[in-house]
Amino acid sequence: MPQNDYIDEARRRFGYRLDHFERARKKEARKAHQQSAFAQRVKGLRAKLYHKKRHSEKIQMKKTISMHQERKNKHENDDAVKSGAKPAYLLDRTGQTSAKVLSNTIKQKRKEKAGKWDVPLPKVRGISEAEMFKEIRTGKRKSKSWKRMVTKVTFVGPEFTRKPPKYERFIRPMGLRFKKAHVTHPELAATFYLDILGVKKNPQSPMYTTLGVITKGTIVEVNVSDLGLVTQSGKVIWGKYAQVTNNPENDGCINAVLLV
């Protein structure tokens, strides 16, 4: 049995292996084939238990997919107020309301958990590690090359303190650190200069998310308390997500669209 948390300690000091996330991605891709092969050869009681578990997983997956699609459905609304006279050929029609407007708080929370947001940029160009990082050679004779400098825009929190140079694996230059973004509200058609609270997800890699790298398509959390947005219960909304729509390292600023 391993003693202490030496793996976590090594990762804190030196970071992950360069191919760690690629290996994890391939392992995840192989998982479906391994499950299929196991399902075909398993027998007896073990097969019954396994197929029962897979059945419940598939039901849950279908429920999640249906919740994703629920916001685009149309429902009949018998309570729609009919104003004015209608021709005979329109009398059999009923008013419709979109499921997008939800008055039920439970439904709203459930759909938020299912991730109902349609992002402005569903697909982005992949960025290689050679483009993202610049190799920094260290040591007396510059023979060590385990350090990397991030060449893209990054965000670090206000309480951020750099590690000692001996232990710092990824260097985020001060000139590429941004704290604010130009966020456009799609319904108000207005742009605001808001503080960034954090990086929620970078579509390129989980490692870039932990490093706070901001590229095109990244989901960031911004401070919208100055906009006066409130919830259904009347509480002020503090943070909201926005997607970056430009290449910040080229433009020198961050442009984003608020996800409403």
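As a reminder, the structure under discussion sits directly above these lines.
Note that this is a predicted model, so its numbers are computed, not measured.

Rules behind the numbers
Residues numbered from 1 in each chain as written. Predicted model: local features only at pLDDT ≥ 70, side-chain atom pairs only at ≥ 80, totals over all residues. Heavy atoms only, no water. Helix = DSSP H or I, 4+ residues; strand = E, 2+ residues; numbered from the N terminus. Buried < 20%, exposed > 50% of the residue type's maximum accessible area, 1.4 Å probe, protein only. Contact = heavy atoms within 4.5 Å. Areas by Shrake-Rupley, 256 points an atom, 1.4 Å probe, with all protein chains shown as cover. Pairing = 2+ DSSP bridges. Core = buried A, V, L, I, M, F, W, Y, C linked by side-chain atoms within 4.5 Å. Axes fitted to C-alpha atoms, helices over the stretch in contact; angles between N-to-C directions. Phe/Tyr/Trp six-rings, centres within 6.5 Å; stacked < 30°, edge-to-face > 60°. Patch = residues over 30% accessible without salt bridge, like charges linked within 9 Å, V, L, I, M, F, W, Y side chains within 5 Å. Salt bridge = Lys/Arg side-chain N within 4 Å of Asp/Glu carboxyl O. Lys, Arg positive; Asp, Glu negative; His and termini not counted. Charge placed at Lys NZ, Arg CZ, Asp CG, Glu CD. Polar contact = N/O pair within 3.5 Å; in protein donor to acceptor, adjacent residues only side chain to side chain. Expected span 1.5 Å × (residues − 1). Bend = angle between axes of the 7 residues up to and from the residue.

1. Quick look at the overall build of the protein
For step 1, the next point in the chain: Assigned secondary structure in the protein consists of 7 helices and 12 strands.
For step 2, the next point in the chain: Buried positions account for 26% of the 260 residues belonging to the protein.
For step 3, the next point in the chain: By sequence separation, contacts in the protein at least 24 residues apart represent 47% of the contacts at least 6 residues apart.
For step 4, the next point in the chain: Carbon together with sulfur atoms contributes 53% to the accessible area of the protein, which is approximately 18,800 Å² in total.

2. What to know about the sheet that holds strand β4 (residues 144-150)
For step 1, the next point in the chain: If you trace the 3 strands from one edge of the open sheet to the other, you get β3-β4-β6, paired in mixed fashion. Two strands in the sheet have a free side with no partner beyond their single neighbour: β3 (133-138) and β6 (170-171).
For step 2, the next point in the chain: Pairing of β4 with β6, which is carried by 2 bridges, proceeds in the parallel orientation. By the bridge assignment for β6, Arg 148 is matched with Phe 170.

3. Section: the nonpolar core
For step 1, the next point in the chain: Ranked by size, the top nonpolar core spans 18 residues in total, and within it Val 183, Ile 196, Ile 214, Val 220, Val 222, Ala 242 and Ile 254 carry the most contacts.
For step 2, the next point in the chain: Among the secondary structure elements, those contributing two or more residues to this core are β7 (180-185), β8 (190-201), β10 (219-223), β11 (239-244) and β12 (255-258).
For step 3, the next point in the chain: In terms of residues, this core owes the most to one element, β8, which gives 3 residues.
For step 4, the next point in the chain: Apart from residues no more than four positions distant in its own chain, Val 222 is found in contact with Val 183, Leu 194, Asp 195, Ile 196, Leu 197, Trp 238, Gly 239, Lys 240, Ala 242 and Leu 258.

4. Considering the sheet that holds β8
For step 1, the next point in the chain: Judged by pairing direction, the barrel is mixed, and its 5 strands sit side by side in the order β7-β8-β10-β11-β12 before closing back on the first. Going from strand to strand, the sheet's axes swing by 50 degrees on average, the running direction of each strand aside.
For step 2, the next point in the chain: Relative to β11, β10 runs antiparallel, the two being bridged by 5 bridges. The residue bridging Glu 221 from the neighbouring strand is Tyr 241, located in β11.

5. Observations concerning the packing of aromatic side chains
Aromatic ring pairs: the centre-centre distance and the angle between the two ring planes describe each pair.
For step 1, the next point in the chain: As enumerated under the stated definition, the model contains 5 aromatic pairs in all.
For step 2, the next point in the chain: Considering the side-chain rings of Tyr 16 and Phe 21, the 5.1 Å spacing of their centres and the 50 degrees angle between planes classify their relative orientation as tilted.
For step 3, the next point in the chain: Taking the relative accessible area as the measure of exposure, Tyr 16 reaches 33% and is therefore partly exposed.
For step 4, the next point in the chain: Where Phe 38 meets Tyr 50, the ring centres are 5.0 Å apart and the plane angle is 80 degrees; that geometry is what we call edge-to-face. Taken together, the residues Phe 38 in helix α2 (residues 20-41) and Tyr 50 in helix α3 (residues 44-70) connect sequence positions 12 residues apart. Each member of the pair Phe 38 and Tyr 50 is classed as buried.

6. What about a positive patch on the surface?
For step 1, the next point in the chain: Among the surface-exposed residues, Arg 23, Lys 26, Lys 27 and Arg 30 lie close enough to one another that they form a single positively charged patch.
For step 2, the next point in the chain: Residue placement: Arg 30 occurs in helix α2.

7. Topic: the side chain of Glu 168
For step 1, the next point in the chain: Considering the arrangement of structural elements, one finds Glu 168 in the loop between β5 (153-154) and β6.
For step 2, the next point in the chain: For Glu 168, a relative accessible area of 6% puts it in the buried group.
For step 3, the next point in the chain: A distance of 2.6 Å separates the side chain of Glu 168 from the side chain of Arg 162, its partner in a polar contact.

8. A few points about the side chain of Asn 202
For step 1, the next point in the chain: By secondary structure assignment, the location of Asn 202 is in the loop between β8 and α6 (206-211).
For step 2, the next point in the chain: Asn 202 sits in the buried class, given a relative accessible area of 1%.
For step 3, the next point in the chain: Within the structure, Asn 202 has its side chain in polar contact with the backbone nitrogen of Gln 204 (distance 2.9 Å).
For step 4, the next point in the chain: Reaching out from Asn 202, the side chain makes a polar contact with the side chain of Thr 218 at a distance of 3.4 Å.
For step 5, the next point in the chain: Excluding its chain neighbours within four sequence positions, the residues that come into contact with Asn 202 are Tyr 208, Thr 209, Val 213, Ile 214, Thr 215 and Thr 218.

9. Here's the deal with α2
For step 1, the next point in the chain: For α2, built from 22 residues, the straight-helix expectation of 32 Å at 1.5 Å per residue is met to within 8% by its first-to-last C-alpha distance of 31 Å.
For step 2, the next point in the chain: At Lys 31, α2 is deflected by roughly 30 degrees, the largest bend along its length.

10. With respect to unusual backbone geometry
For step 1, the next point in the chain: Phi at Lys 142 takes a positive value of approximately 55 degrees, unusual for a residue other than glycine.
For step 2, the next point in the chain: Positive phi, close to 55 degrees, is recorded for Ala 189, a residue that is not glycine.
For step 3, the next point in the chain: By secondary structure assignment, the location of Ala 189 is in the loop between β7 and β8.
For step 4, the next point in the chain: A relative accessible area of 67% places Ala 189 in the exposed class.

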